[in-house]
Protein chains: 2
Amino acid sequence: MTLEQQFTEHVGKMRAYQEALSLLYWDLRTGAPKKGVDLRSETIGTLSSELFALSTSDSFGELLSSLEAEKDGMDVVLRRSVEEARKEYDLSKKIPPEEYREFIVLQSKAESVWEDAKAASDFSMFEPYLEKLVSTTKKMIGYWGEKNGSAYNTLLDQYEPGMTTEILDEVFGALRGRIIALVQKIADSEQKPETGFLFGHFPKEAQRDFSFQVLEQLGYDFEAGRLDETVHPFMTTINRHDIRVTTKYDEKDFRTAVFGTIHECGHALYEQNLSEKLSGLPVETGSSMGIHESQSLFFENFVGRNDKFWSSNFGLLKEYAAGQFEGVDVADYWRAINESKPSLIRIEADELTYALHIMIRYELEKGLFNGDIAVKDLPQLWNDKYEEYLGVRPSNDAEGVLQDVHWAGASFGYFPSYALGYMYAAQFKNAMLKDLPNYDELLEAGNVAPIREWLTEKVHQHGAVKKPLEILQDATGEGLNAEHLAGYLEEKYSKIYQLN
Amino acid sequence: MTLEQQFTEHVGKMRAYQEALSLLYWDLRTGAPKKGVDLRSETIGTLSSELFALSTSDSFGELLSSLEAEKDGMDVVLRRSVEEARKEYDLSKKIPPEEYREFIVLQSKAESVWEDAKAASDFSMFEPYLEKLVSTTKKMIGYWGEKNGSAYNTLLDQYEPGMTTEILDEVFGALRGRIIALVQKIADSEQKPETGFLFGHFPKEAQRDFSFQVLEQLGYDFEAGRLDETVHPFMTTINRHDIRVTTKYDEKDFRTAVFGTIHECGHALYEQNLSEKLSGLPVETGSSMGIHESQSLFFENFVGRNDKFWSSNFGLLKEYAAGQFEGVDVADYWRAINESKPSLIRIEADELTYALHIMIRYELEKGLFNGDIAVKDLPQLWNDKYEEYLGVRPSNDAEGVLQDVHWAGASFGYFPSYALGYMYAAQFKNAMLKDLPNYDELLEAGNVAPIREWLTEKVHQHGAVKKPLEILQDATGEGLNAEHLAGYLEEKYSKIYQLN
């Protein structure tokens with residue numbers, strides 16, 4: 001066997017474990033029976049541990065070294081695959097296998113406890129698990145070695161290469177000022193949209209049927225995926241041709257399902273449209289969390305909250321909504337779904353205030369890892385920050401600190417990617433308009449294909465062959481720039497609220 | 001670590017792989033997207049191969065030998081666990097790992113092809129796969145070495161220890177004569193039940209809701225399981241506390257779902273009621289395929305087709321059936337669901353003719369493995385035998401040779417267990433009546449618990465600690481005896497058809 005064949009075989013085996021693990025998690029969230037959860041956690045721990053052993057074996061390390069010696073003659077897909085495998089290898093190799101296994105079991109149990117704690121709205125149930133998740137993650141950072149000067153920067157770099165608190169403090173600082181100014185103007189505006197008609201009773205089955213229609217329309221391939229219901233919506237890759245999405249149905253607010261589904265669809269379209277050339281290799285994945293999020297947010301906001309998208313789809317929605325929108329004009333509907341109002345729940349937040357939710361989490365995480373904040377103080381600090389930035393205060397843990405699953409999975413450093421993705425998305429939109437000046441007309445005609453194809457050409461197909469800033473530069477001709485997002489928000493909300 | 005701890009750890013790891021594999025299969029049958037099937041097959045192949053390596057490792061072999069040297073001091077659960085592990089070890093050790101892996105991949109692909117072939121009613125699509133499945137199984141028998149004098153006996157022994165074609169030819173021969181005589185009398189009887197009211201339109205959702213009610217009533221634990229829909233119903237153990245069942249809904253014949261669900265529930269009750277003492281060990285499973293089938297058939301026939309069970313449940317069925325049974329008397333309903341009529345589909349066969357379906361498959365398998373029958377001749381032979389034994393002839397492959405999934409999974413030698421299970425079940429029923437002479441009154445009162453508890457005490461709890469004939473002997477005081485089944489059928493059908 002050539003070195004390349006050996007490599008392909010080894011990463012193929014790792015992929016098989018990853019498929020099993022993804023399915024074990026998916027099943028746990030979509031309806032696995034309660035009593036089986038403890039054994040399921042053990043199973044996940046065992047298989048993760050085996051995968052860990054495969055990805056850190058000495059023989060794989062030697063194979064990588066041999067391949068690296070030949071990298072000048074390699075095509076870019078293989079070369080980048082070897083680089084990604086090396087990065088993961090070095091990251092994993094430093095953790096003792098038994099500690100890794102315990103960490104995975106802890107995460108799996110913590111997710112289950114988090115669900116119960118959220119249902120009971122009781123942070124104290126989840127607190128000991130979160131304590132342990134933070135302390136174990138700190139221990140891992142000790143093994144990895146600090147990157148870019150702080151514990152938290154080490155975590156940031158894993159999701160978005162090169163990202164630091166210094167950069168984020170600056171970008172978020174600038175953005176925060178402009179968003180808060182807008183939020184203030186909106187609060188003072190007398191031109192508020194009517195929204196009462198949004199909250200009729202919209203039966204779950206009808207919401208599900210409409211969600212299927214929208215997914216179909218956006219180009220989601222149901223022969224290579226499926227839609228299910230979970231407490232917290234997500235997209236997961238089971239295998240290259242099995243990319244699943246989930247959503248959540250709130251019968252009193254259909255927006256949760258509709259925009260949640262479109263959001264996850266954006267993630268799924270990325271994975272469904274990776275180039276076949278990447279098949280089975282480590283680069284057969286998104287370029288970074290931020291770029292991934294740029295795709296979900298692009299579809300959620302620049303497609304799903306666009307007025308022309310609804311010119312084309314409001315009639316369909318009406319059919320499923322059984323009278324709820326009778327007599328409602330599409331322009332009023334569009335203003336209503338774009339209402340901006342400081343609120344408590346991130347995934348239900350509007351486009352404008354969304355980034356503030358992220359900044360709060362970012363500041364808390366930074367404090368947890370740089371030693372300024374203790375786990376037990378989180379509920380109080382969380383609530384205080386919501387009051388400070390958004391002017392609203394959670395009345396219980398379920399609508400406060402327990403709302404997101406991320407910390408239960410030890411995904412610290414992940415949240416900032418949401419805001420970065422938002423900035424990337426605004427930059428893509430701006431660049432796309434040069435190639436597709438008829439963007440709005442396409443949406444009005446219900447023809448999403450050219451938009452999706454632009455994203456496939458510039459983003460999706462490349463997987464992790466290109467790094468985030470390379471994708472951004474090649475697609476837009478510039479680097480990270482918060483101006484596009486800020487300008488877009490100012491223009492859109494000035495129109496909706498008739499601001500001066 | 002003590003030897004026992006090492007053993008527990010090793011089989012615990014094997015269990016984790018088994019859980020992943022069971023879920024990968026379950027998902028494949030309950031709704032995995034079509035385009036992901038090829039990669040899924042690869043994944044199943046890889047993990048099966050890893051499990052195979054674990055179960056045949058030299059170090060595990062040495063551990064088993066060390067444990068066997070100490071077996072006099074062991075408690076029975078550990079001793080039987082070591083015996084079962086040894087049996088599997090010796091069986092697997094003889095197959096070259098790469099061939100094993102290919103065999104598993106073949107089965108997985110064949111199941112998918114079988115589904116398509118059945119949908120297209122085209123045996124020729126499936127034929128090359130079946131050829132390969134038979135020839136590969138023969139090769140495996142070559143590795144294992146023949147047992148009890150023939151290739152097919154080797155397979156029988158794996159499902160039901162000690163079973164041979166000699167025994168089956170005799171028992172089936174006796175039973176066949178009595179069943180065919182009854183079938184003849186019934187054909188000549190003028191007292192046939194009215195059945196027209198069985199075939200109204202019974203919506204799928206209502207059937208599903210009724211199925212949930214019945215499962216609940218029989219004592220199925222939904223916190224340790226779930227019910228889904230598949231082409232071919234089955235029960236699967238994901239883990240000790242996650243025992244799933246599936247069923248199939250035919251809107252023109254609700255019996256498919258109701259009796260299918262009750263059947264799979266019988267399997268599930270066995271697994272849900274294994275003693276906690278067997279936790280994580282190789283004996284935490286049914287004693288044999290025949291004993292397992294005795295539990296599903298017990299519930300399907302001796303509970304589900306009992307007149308008093310319907311005295312208690314016909315009202316509930318009427319509620320879900322929306323008018324279908326209006327004006328129908330429960331006695332007429334009971335006669336109708338017990339109509340005996342030679343038919344084409346095994347899983348829809350009545351109690352009386354069911355065993356004839358098994359005998360046909362048994363004879364064909366025996367011929368395939370003893371060299372008398374070629375795969376290509378199966379459709380013709382299948383149809384001929386149906387005409388000979390049952391007087392009906394399939395008009396296409398879907399209702400003929402393609403109806404069962406078993407061969408696609410290389411489960412040759414499995415079918416006879418269904419008929420054995422039937423005989424065991426009749427023997428259990430006979431013995432149970434001594435302890436629960438009020439059996440019919442219990443069912444009439446909707447109180448299934450004492451019946452289930454009797455089976456748990458005598459059968460379920462022991463798992464594979466006791467061997468099949470030991471369970472039978474301890475529970476009934478006798479060995480295998482077809483008389484109880486034959487007598488039961490004669491009495492029941494004489495009543496329904498008023499035979500002399």
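Residues numbered from 1 in each chain as written. Chains lettered and ligands numbered in written order. Predicted model: local features only at pLDDT ≥ 70, side-chain atom pairs only at ≥ 80, totals over all residues. Heavy atoms only, no water.

Under the annotation held in an unreviewed UniProt entry, chain A carries the name Metal-dependent carboxypeptidase and is attributed to Planococcus glaciei. UniProt, in its Catalytic activity (unreviewed entry) section for chain A, records the words "Release of a C-terminal amino acid with broad specificity, except for -Pro." Under the UniProt heading Function (unreviewed entry), the entry covering chain A gives this text: "Broad specificity carboxypetidase that releases amino acids sequentially from the C-terminus, including neutral, aromatic, polar and basic residues." (UniProt positions renumbered as here; feature names shortened; annotations may be inferred.)

Undergrad: Would you mind showing me how to read the relation of the copies chain A and chain B here?
TA: Each copy of the chain is related to the other by a rotation around an axis and a translation along that axis. Mapping chain A onto chain B leaves a residual RMSD of 0.0 Å; the transformation is a rotation of 180° accompanied by 0.0 Å of translation along its axis. The relationship between the two copies is best expressed as a two-fold rotation axis. For chain A, the minimum C-alpha distance to the rotation axis belongs to Ala20(A) and amounts to 3.0 Å. Mapped onto chain B, 100% of the interface residues of chain A again fall at the interface, so both copies present the same surface. (Least-squares fit on C-alpha atoms with pLDDT ≥ 70 in both. Contact = heavy atoms within 4.5 Å.)

Undergrad: I keep staring at the UniProt feature "binding site: Zn(2+)" (unreviewed entry) in chain A and nothing clicks. Help me out?
TA: All names here are of chain A. UniProt annotation of "binding site: Zn(2+)" (unreviewed entry) refers to His263, His267 and Glu293 when read in the numbering used here. With the annotated positions falling across 31 residues, the maximum pairwise C-alpha distance of 8.8 Å places them together in a single cluster. The residue His263 is located in helix H10 (residues 255-272) in this model. Tracing the backbone shows Glu293 in helix H11 (residues 289-303). Owing to a relative accessible area of 2%, Glu293 belongs among the buried residues under this scheme. In this view, Glu293 contacts His263, His267, Ser417, Tyr418 and Gly421; residues no more than four positions away in its chain are not counted. A distance of 3.2 Å separates a polar atom in the side chain of Glu293 from a polar atom in the side chain of His267. (Helix = DSSP H or I, 4+ residues; strand = E, 2+ residues; numbered from the N terminus. Buried < 20%, exposed > 50% of the residue type's maximum accessible area, 1.4 Å probe, protein only. Polar contact = N/O pair within 3.5 Å; in protein donor to acceptor, adjacent residues only side chain to side chain.)

Undergrad: I would appreciate a short explanation of the pairing of strand S3 (residues 242-247) of chain B in the present structure.
TA: Residues in a regular strand point their side chains to alternate faces of the sheet. Residues and elements named next belong to chain B. In terms of burial, S3 is largely enclosed, as 6 of its 6 residues are buried. Side chains Asp242, Arg244 and Thr246 of S3 all project onto a buried face; the interleaved residues Ile243, Val245 and Thr247 project onto the opposite face, where all are buried too. Where strand S1 (residues 227-229) and S3 come together, 3 bridges link them in parallel fashion. Its bridge partner being in S3, Glu229 is matched across the sheet by Thr247. (Pairing = 2+ DSSP bridges.)

Undergrad: Looking at this model, I keep getting lost on a nonpolar patch on the surface. Mind explaining?
TA: All names here are of chain A. A cluster of nonpolar residues, Ile167, Leu469 and Leu480, forms a patch on the protein surface that exposes about 230 Å² of accessible area. By the secondary structure assignment, Ile167 is in helix H8 (residues 165-188). Owing to a relative accessible area of 33%, Ile167 belongs among the partly exposed residues under this scheme. (Patch = residues over 30% accessible without salt bridge, like charges linked within 9 Å, V, L, I, M, F, W, Y side chains within 5 Å. Areas by Shrake-Rupley, 256 points an atom, 1.4 Å probe, with all protein chains shown as cover. Salt bridge = Lys/Arg side-chain N within 4 Å of Asp/Glu carboxyl O.)

Undergrad: Honestly, the domain arrangement of chain A in this entry has me stumped. Any pointers?
TA: Size of an interface, as often reported, equals the accessible area lost when the parts are brought together. All names here are of chain A. Each assigned domain of chain A is listed with its residue range as follows: domain 1 (3-132) and domain 2 (165-497). The centre of domain 1, based on its C-alpha atoms, is set 27 Å off from the matching centre of domain 2. Across the interface of domain 1 and domain 2, roughly 3100 Å² is buried in total on both sides, 69% from carbon and sulfur atoms. Counting across the domain 1 and domain 2 interface gives 0 salt bridges. (Domains from an automatic or database assignment. Buried area = accessible area lost by both parts, 1.4 Å probe.)

Undergrad: Explanation requested: the packing of aromatic side chains in the structure shown.
TA: The geometry of an aromatic ring pair is captured by the separation of the ring centres together with the interplanar angle, meaning the angle of the planes. Counted according to the given criterion, the structure contains 65 aromatic pairs over all chains. Among the aromatic residues, ring-to-ring pairing joins Phe197(A), Phe202(A), Phe210(A), Phe254(A), Phe259(A), Phe309(A), Trp310(A), Phe314(A), Tyr320(A), Phe325(A) and Tyr333(A) into one connected group. Positioned above the aromatic ring of Phe259(A) is the side chain of Arg305(A), whose terminal nitrogen or guanidinium carbon lies 4.2 Å from the ring centre. Of note, Arg361(B) hangs over the ring of Phe415(B), and the distance from its end group to the ring centre comes to 5.5 Å. (Phe/Tyr/Trp six-rings, centres within 6.5 Å; stacked < 30°, edge-to-face > 60°. Lys NZ or Arg CZ within 6 Å of the ring centre and 35° of its normal.)

Undergrad: Teacher, can you tell me more about the environment of Phe52(A) here?
TA: Residue and element names in this part refer to chain A. Within the fold, Phe52 resides in helix H2 (residues 37-55). By relative accessible area, which is 4% here, Phe52 ends up buried. With 139 residues separating them along the chain, Phe52 and Gln191 place their C-alpha atoms 57 Å apart. Leaving out residues up to four positions away in the same chain, Phe52 has contacts with Ser92, Ile95, Pro97 and Tyr100.

Undergrad: Sorry if this is basic, but what is going on with the interface of chain A and chain B here?
TA: Between chain A and chain B, the contact holds 36 residues from the first and 36 residues from the second. For the pair chain A and chain B, the summed buried surface comes to about 2900 Å²; carbon and sulfur atoms form 57% of the total. When the area that chain A buries against chain B is broken down by residue, the three leading residues are Pro33(A), Lys35(A) and Leu39(A), summing to 20%. Taken together, chain A and chain B are joined by 10 salt bridges. Note that Lys35(A) is salt-bridged to Asp221(B), the shortest N-O span being 2.5 Å. Taken together, the links from chain A to chain B amount to 26 residue pairs in polar contact (both at pLDDT 80 or more). Of all the elements in the fold, those that place two or more residues in the side of chain A that touches chain B are helix H1 (3-30), H2, strand S2 (235-239) and strand S3 (242-247) of chain A. With 11 residues, H1(A) is the largest single contributor of residues to the side of chain A that touches chain B. Of the residues that constitute the side of chain A that touches chain B, the class distribution is 13 nonpolar, 8 polar and 15 charged. (Nonpolar A, V, L, I, M, F, W, Y, C, P; charged D, E, K, R; others polar.)

Undergrad: I would appreciate a short explanation of the pattern of salt bridges in the present structure.
TA: Working definition: two side chains of opposite charge can pair if their charged atoms are close together. Counted according to the given criterion, the structure contains 74 salt bridges over all chains. For Lys147(A), the salt bridge goes to Asp157(A), with nearest N and O atoms at 3.5 Å. Within this pair, whereas Lys147(A) is found in the loop between helix H6 (123-144) and helix H7 (151-159), its partner Asp157(A) is found in helix H7, the two being separated by 10 residues in sequence. We classify Lys147(A) as partly exposed; its relative accessible area is 42%. Measuring nitrogen to oxygen at the nearest pair gives 2.9 Å for the salt bridge that ties Arg393(B) to Asp384(B).

Undergrad: I tried to follow the sheet that holds S2(A) on my own but got confused; where do I start?
TA: The strands making up a sheet associate through hydrogen bonds between their backbones, and the pairing can be parallel or antiparallel. All names here are of chain A. Within the open sheet, the 3 strands sit side by side as S1-S3-S2. Their pairing is mixed. Each end of this open sheet is capped by a strand with a single partner; those strands are strand S1 (227-229) and S2. Across the sheet, the axes of successive neighbouring strands diverge by a mean angle of 30°, strand direction being ignored. Across 4 bridges, S2 lies against S3 in antiparallel orientation. Within S3, the residue paired with Asn239 across the bridge is Asp242. (Axes fitted to C-alpha atoms, helices over the stretch in contact; angles between N-to-C directions.)

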